[in-house]
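Survey of secondary and tertiary structure
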Amino acid sequence: MKEGKGEIELIKEGKRLDGRGFEELRPIKIEVGVLKRADGSCYFELGGNKVIAAVYGPREMHPRHAQDAKMAVVRYRYNMAPFSVDDRKRPGPDRRSVEISKVSREALDPVVMREYYPKTSIDVYVEVLQSDAGTRTAGINAASVALADAGIPMKDLVSSVAVGKIDGEVVLDLDAMEDNNGEADMPVAMVARTNTITLLQMDGRFEKEEFERGLKLAMSACHKIYELQRAALIDRYSESVGEGEE
Ligand code: CDP
């Protein structure tokens, strides 16, 4: 659990160390359809985070005993590249990536219309190329867009961001310096259109009022991210339509 080391001053003259206000997101960049061999893909940048999501399927599921006769099975693999962190990360799965893969899959599951594709798998791979805290949220945003790019029928997109507490203040979208030295970190994912929360985790501690304020802040930021995800998809597909017409 976070204790808030309090050794580093994270807020100076009402601003965070990178100059952001308390309720400000880091810059976001989204590119759709970046991988030729995947059925759907998305590159997502959130400040210093750079992630790629690739979606394959629906395709016949192996091993067969893992198939669901009534619907598709969504599999999600979150992986951090060894060079994505300050200290080299040992390649391969670890407890953290297994946990992130599980909660991220559960964050997306409710929107995927799995009943259309019995006995198949929909495989989502998220590769973190560079990390700066919030990689699971960036991964979920990327995966959601990549699923749409793959043409998988979905009720809607899922959008995700974290809120936290640094120097006693509730702030949006912590970077690694804030995450490492702050008091709390709470990633949230939601279906923005219906305000349905599909992921909520917490590391550290919030007072009840801070939790409520933080959740509101995260939800409002998810609405902004949703608009950017939509815009990136519209941009991509209006481009292909345009190309076809020429
Ligand atoms: O990335 P996210 O905030 O979703 O998950 P976290 O477990 O709270 O990790 C926060 C940050 O710690 C990551 O984004 C990385 O920048 C850093 N980290 C690291 O440097 N080495 C690791 N093995 C794991 C995380």
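From a predicted model like this one, the values you see are computed outputs, not experimental measurements.

**Quick look at the overall build of the protein**
Check the secondary structure of the protein and you find four helices and twelve strands. Reported as C-alpha extents along the three principal axes, the dimensions of the protein are approximately 55 × 45 × 35 Å. Relative to all contacts within the protein whose residues are 6 or more apart in sequence, the contacts with residues 24 or more apart total 69%. Total accessible area on the protein stands at roughly 12500 Å², and carbon and sulfur atoms take up 49% of it. The protein carries 36 positive and 43 negative side-chain charges, and their two centres are separated by 6 Å.

**Focus on the sheet that holds strand β4 (residues 40-46)**
Taken together, five strands build an open sheet; the order of strands is β3-β4-β5-β7-β6 and the sheet is mixed. The open sheet has two edge strands with one neighbour each: β3 (28-32) and β6 (73-80). Taken over all neighbouring pairs, the strand axes of this sheet differ in orientation by 15° on average, direction set aside. Of the pairings in the sheet, the one linking β3 to β4 comprises five bridges and is antiparallel in character. From the neighbouring strand, Ile-28 faces β4, where its bridge partner is Leu-46.

**Here we look at helix α2 (residues 135-149)**
The terminal C-alpha atoms of α2 lie 21 Å apart, and with 15 residues this matches the ideal 21 Å at 1.5 Å per residue to within 8%. Of all 15 residues that make up α2, 14 are buried, and the element is covered over most of its length. One or two residues past the end of α2 sits Gly-151, with phi positive at roughly 80°.

**Section: the pattern of salt bridges**
Under the defined criterion, the tally for this structure stands at 19 salt bridges. The closest approach of N and O atoms between Glu-178 and Arg-20, which form a salt bridge, is 3.6 Å. One end of the pair, Glu-178, is in helix α3 (residues 176-181); the other, Arg-20, is in the loop between β2 (15-16) and β3, with 158 residues separating them in the sequence. Assessed through its relative accessible area of 4%, Arg-20 is described here as buried. For the salt bridge of Glu-60 with Arg-64, the shortest nitrogen-to-oxygen distance reads 2.7 Å.

**Quick notes on the site of the ligand**
All residues adjacent to the ligand are Met-80, Val-85, Arg-96, Ser-131, Asp-132, Ala-133, Gly-134, Thr-135, Arg-136, Asp-179 and Asp-185. At 2.8 Å from an oxygen atom of the ligand is found a main-chain nitrogen or oxygen belonging to Ala-133. In the model, an oxygen atom of the ligand is placed 2.5 Å from a nitrogen or oxygen of the Thr-135 side chain. Starting from 510 Å² of accessible surface for the ligand in isolation, the protein chains cover 73%.

**Topic: a nonpolar patch on the surface**
Together, Ile-8, Leu-17 and Met-177 make up a nonpolar patch on the protein surface, roughly 230 Å² of accessible area in all. In this fold, Ile-8 is placed in the segment before β1 (11-12). The exposure class of Ile-8 is partly exposed, given its relative accessible area of 32%.

**Points about the environment of Ala-218**
In this fold, Ala-218 is placed in helix α4 (residues 208-245). Sequence separation of Ala-218 and Pro-63 is 155 residues, and the distance between their C-alpha atoms is 38 Å. The contacts of Ala-218, once residues within four sequence positions are left out, are Val-161, Val-163, Leu-172 and Val-188.

**Some words on helix α1 (residues 95-108)**
Look at α1: 20 Å from first C-alpha to last across 14 residues, which is about the 20 Å you get at 1.5 Å a residue. Buried within α1 we find Ser-97, Ile-100, Ser-101, Val-103, Ser-104, Ala-107 and Leu-108. Where α1 is buried, its residues meet β6, α2, β10 (184-191) and β11 (196-200).

**What about the nonpolar core?**
Formed by 42 residues in total, the largest nonpolar core has its most connected members in Tyr-76, Ile-122, Val-124, Ile-140 and Leu-147. Of the residues forming this core, the biggest block, seven residues, is contributed by α2. Discounting residues that sit within four places of it in the chain, Val-124 has contacts with Ala-54, Val-55, Val-74, Arg-75, Tyr-76, Arg-77, Ala-143 and Leu-147. Listed in part, the 17 residues of the second largest apolar core include Leu-25, Ala-184, Val-188 and Ala-221.

**With respect to the packing of aromatic side chains**
For the structure on display, the rule yields two aromatic pairs. Look at Tyr-56 and Tyr-125: their rings are 5.7 Å apart centre to centre, the planes differ by 75°, and that puts the pair in the edge-to-face class. Of this pair, Tyr-56 sits in strand β5 (residues 49-60) while Tyr-125 sits in strand β7 (residues 120-130); the two residues are 69 residues apart in sequence, bridging distant segments of the chain. The class of Tyr-56 is partly exposed, set by a relative accessible area of 23%.

Thresholds, definitions, all that
- Residues numbered from 1 in each chain as written.
- Predicted model: local features only at pLDDT ≥ 70, side-chain atom pairs only at ≥ 80, totals over all residues.
- Heavy atoms only, no water.
- Helix = DSSP H or I, 4+ residues; strand = E, 2+ residues; numbered from the N terminus.
- Contact = heavy atoms within 4.5 Å.
- Areas by Shrake-Rupley, 256 points an atom, 1.4 Å probe, with all protein chains shown as cover.
- Lys, Arg positive; Asp, Glu negative; His and termini not counted.
- Charge placed at Lys NZ, Arg CZ, Asp CG, Glu CD.
- Pairing = 2+ DSSP bridges.
- Axes fitted to C-alpha atoms, helices over the stretch in contact; angles between N-to-C directions.
- Expected span 1.5 Å × (residues − 1).
- Buried < 20%, exposed > 50% of the residue type's maximum accessible area, 1.4 Å probe, protein only.
- Salt bridge = Lys/Arg side-chain N within 4 Å of Asp/Glu carboxyl O.
- Near = heavy atom within 4 Å.
- Polar contact = N/O pair within 3.5 Å; in protein donor to acceptor, adjacent residues only side chain to side chain.
- Patch = residues over 30% accessible without salt bridge, like charges linked within 9 Å, V, L, I, M, F, W, Y side chains within 5 Å.
- Core = buried A, V, L, I, M, F, W, Y, C linked by side-chain atoms within 4.5 Å.
- Phe/Tyr/Trp six-rings, centres within 6.5 Å; stacked < 30°, edge-to-face > 60°.

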